[in-house]
Amino acid sequence: MEDYTAKQAIENLDDPPNSRLFVVTSRAMTEDALRDSFSVFGDIQGVWVVKDKQTKESKGVCYVKFAKSSQACLAMEEMHGKVLVEGTKPVKVFIAQSRSSNRHRDVEDEELTRIFVMIPKTFTEDDLKDTFKEYGDIEYCVIIKNKFTGESKGLGYVRYYKPSQAAVAIENCDKTYRAILAEPRTKNTVTEDYSSGPARGDYMGGNDSNNQYALPALPALPMADPGNYPVMDYRSTDYTRCLMMSTRAAMTQEQIFALFDIIPGMEYCELQRDSYGMSKGHALIRYGNLGSAVYAKDKLNGFEYPPGNRLVVTFVDDGEDRSSPVGRMAMQFVATQMMSSAWNGPSNSQVMKPPPFAAPAPMSRVQTDVSLPPHKKLAAPDSKSKERLFIVFSPTTLPPDILEDVFCRFGSLIEVHLVPGRKVGYIKYADKQCADDAMAALHGRVVNGVKMKVMLADPPREESHKRPRTY
DNA sequence: CGACGGGACGC
DNA sequence: CGACGGGACGC
């Protein structure tokens, strides 16, 4: 990067992000007059009136740089529409487009009023609101949850009424929330689509005149003719790409994954756990197409694995629209193709992987020469970590649920973290003694054929600057 | 409609 | 020998 300084200088114009105003004003406006008008809103770091290169005359647009985004937002909210020079048009005030972005659209309030935060999984939406209301009036709070289980993903959105409120929240809330401006929702909401009714928050008020659009639009929708698809009418059933598998015997994530991965097209597989990380005997599986899911359900529902344990596989509503002709044709194509390929045939298909049934099903999932204490309850997920262990596996890493099974037995286990792509991991404990006990019992020992080095972890790395903040 | 200057790191 | 830091909704 030979141009490092120049690039840096340009980026500093918007550091922190959204701290610079774009002001459309009278050509008579001077930098001093601007500074006078805007300085009451915060620390001004620079004022610049854009002038024509030749004539040196103002082009009627200016930039005002503040130290903080909240100051710029407040100035925008207060000054937009004000008449600064008698007899001239009222000024327009916007947050300036970032110098490094190439957009030619005004930055809208929509993009400046919603924040995205990381929160404890135990937080309810009321907790979220209580936490963030001190920074401004909140329009709504939403927590992102697992669509099927309703479990919080530990992420939330808070929509304020004003950009300055969102900016203040980002600047002043506890750093552990990692608050940033939320990316605007992808605009999939087609305004032409009247069939699903108006979006919840988008009522204009109880205006009856809008109703004229609701009914006539319906017949215009492309309706698939079921008669064209003689195999099955998938709309009238509950076929989906998502499956739920229930088992009464203990199964690991890896076993379930291997089982459902036999059918090509699996794109998601997760063993469901309770808040203590124990398996609930359910797993969610999603395929990239309906045909694979239909086939997997057909073949694996009632299947015995481990022997004697009958798996139950059902469809789960994935909320997707399966009525489009294209989607149905694609599904039937895949389903037909797969039904015709032999399930039990020996290696007649390149896409099929060999089933994992060769290995005997483990009755106890942990084999080790260590005499392990009985299971103990996990510590609450948001417990403070008092001691962290660093594990090195050889020759390969162990699955997380096995690790949890083993390392929870010394008490106060908070979480197991495996470093993706590396044969190492971290184990967090809420109690130092428990961690030390685990280290003493397990260092150098072998679990399921995997040798582990169990050591105290080095202190966590300091503040990383990887993530570009968007405030 | 109304959008981007001047200056110039420091081993 | 072997090191972490995350992040996206579905009206």
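A short tour of the structure in this document, coming up. In this text, all values refer to a predicted model and were calculated from it rather than measured experimentally.

As a further point, take unusual backbone geometry. With an omega dihedral of -5°, the bond running from D15 to P16 counts as a cis peptide bond. Its location among the elements puts P16 in the loop between α1 (4–12) and β1 (20–24). The backbone of K56 shows a phi angle near 65°, a positive value even though the residue is not glycine. Secondary-structure assignment places K56 in the loop between β2 (44–51) and β3 (58–66). Of note, the phi angle at S412 is positive, near 60°, even though the residue is not glycine. Structurally, S412 can be placed in the loop between α10 (400–407) and β14 (413–418). The exposure class of S412 is buried, given its relative accessible area of 15%.

Bringing helix α7 (residues 253–260) into the picture now. Those residues of α7 that fall on the buried side of the exposure criterion are Q253, Q255, I256, L259 and F260. Each buried residue of α7 sits inside an arc of 165° when the element is viewed along its axis, so together they form one side.

For helix α5 (residues 163–172), the buried fraction is high: eight of the 10 residues fall into the buried class. Within the sequence span of α5, burial applies to P163, S164, Q165, A166, A167, A169, I170 and E171. Packing partners of the buried residues in α5 comprise α3 (69–79), β5 (114–118), α4 (125–132), β7 (152–160) and β8 (180–181).

Moving on, we get to the protein's contact with DNA strand B. Taken together, 18 residues surround DNA strand B, and among them F22, Y63, K92, R99 and D106 come closest. For DNA strand B, the fraction of protein-proximal atoms (within 4 Å) that sit in sugar or phosphate groups is 28%. Residue K59 places a side-chain N or O atom 3.5 Å away from a phosphate oxygen belonging to DNA strand B. Mapped by element, the contributors of at least two residues to the surface near DNA strand B are α1, β1, β3 and β4 (92–95). Grouping the amino acids of the surface near DNA strand B by side-chain chemistry returns nine nonpolar, two polar and seven charged.

Turning to the sheet that holds β4, a few remarks are in order. One open sheet accounts for four strands, arranged β2-β3-β1-β4; its pairing is antiparallel. Edge strands, defined here as strands with exactly one partner in the open sheet, are β2 and β4. The mean inter-strand angle of the sheet, taken between neighbouring strand axes irrespective of direction, is 20°. Two strands pair when backbone bridges link them, and β1 and β3 are joined in this way by five bridges, in the antiparallel orientation. Across the sheet, the residue bridging to R20 is K65, located in β3. Against the sheet, helix α2 (residues 31–38) contacts β1, β2, β3 and β4, and its axis sits at roughly 140° relative to β2. Helix-sheet contacts for α3 involve β1, β3 and β4, and the interaxial angle to β4 is about 155°.

Here the focus is the sheet that holds β7. The strands making up a sheet are joined through hydrogen bonds of the backbone, oriented either antiparallel or parallel. Strand order in the open sheet formed by four strands is β6-β7-β5-β8, and the pairing between neighbours is antiparallel. Looking at which strands have only one partner, the edges of the open sheet turn out to be β6 (138–145) and β8. As defined by bridge partners, β5 adjoins β8 across two bridges and the pair is classed as antiparallel. Directly across from F116, in β8, lies its bridge partner I180. Those strands touched by α4 are β5, β6 and β7, and its axis lies near 135° from that of β6.

For the rest of this paragraph, the subject is the packing of aromatic side chains. Where two aromatic rings form a pair, the distance of their centres and the angle of their planes describe that pair. In this structure the tally under the stated criterion is eight aromatic pairs. When the centroid spacing of 6.1 Å and the interplanar angle of 55° are considered together, the rings of F132 and Y135 count as tilted. Note on accessibility: F132 and Y135 belong to one class, buried. A ring pair is formed by F132 and Y177, whose centres lie 5.2 Å apart and whose planes are at 65°; its orientation type is edge-to-face. Taken together, the positions of F132 in helix α4 and Y177 in the loop between α5 and β8 put the pair 45 residues apart, joining distant regions of the chain. One exposure class covers both F132 and Y177, and it is buried. Through a chain of ring-to-ring contacts, the aromatic side chains of F22, W48, Y63 and F94 assemble into a single cluster. Cation over ring: R114 sits above Y157, and NZ or CZ is 4.1 Å from the ring centre.

So, how was this worked out
Residues numbered from 1 in each chain as written. Chains lettered and ligands numbered in written order. Predicted model: local features only at pLDDT ≥ 70, side-chain atom pairs only at ≥ 80, totals over all residues. Heavy atoms only, no water. Helix = DSSP H or I, 4+ residues; strand = E, 2+ residues; numbered from the N terminus. Buried < 20%, exposed > 50% of the residue type's maximum accessible area, 1.4 Å probe, protein only. Arc of directions from axis to C-beta. Contact = heavy atoms within 4.5 Å. Near = heavy atom within 4 Å. Polar contact = N/O pair within 3.5 Å; in protein donor to acceptor, adjacent residues only side chain to side chain. Nonpolar A, V, L, I, M, F, W, Y, C, P; charged D, E, K, R; others polar. Pairing = 2+ DSSP bridges. Axes fitted to C-alpha atoms, helices over the stretch in contact; angles between N-to-C directions. Phe/Tyr/Trp six-rings, centres within 6.5 Å; stacked < 30°, edge-to-face > 60°. Lys NZ or Arg CZ within 6 Å of the ring centre and 35° of its normal.

Interpretation note: all reported values are geometric properties and have no functional meaning in isolation.
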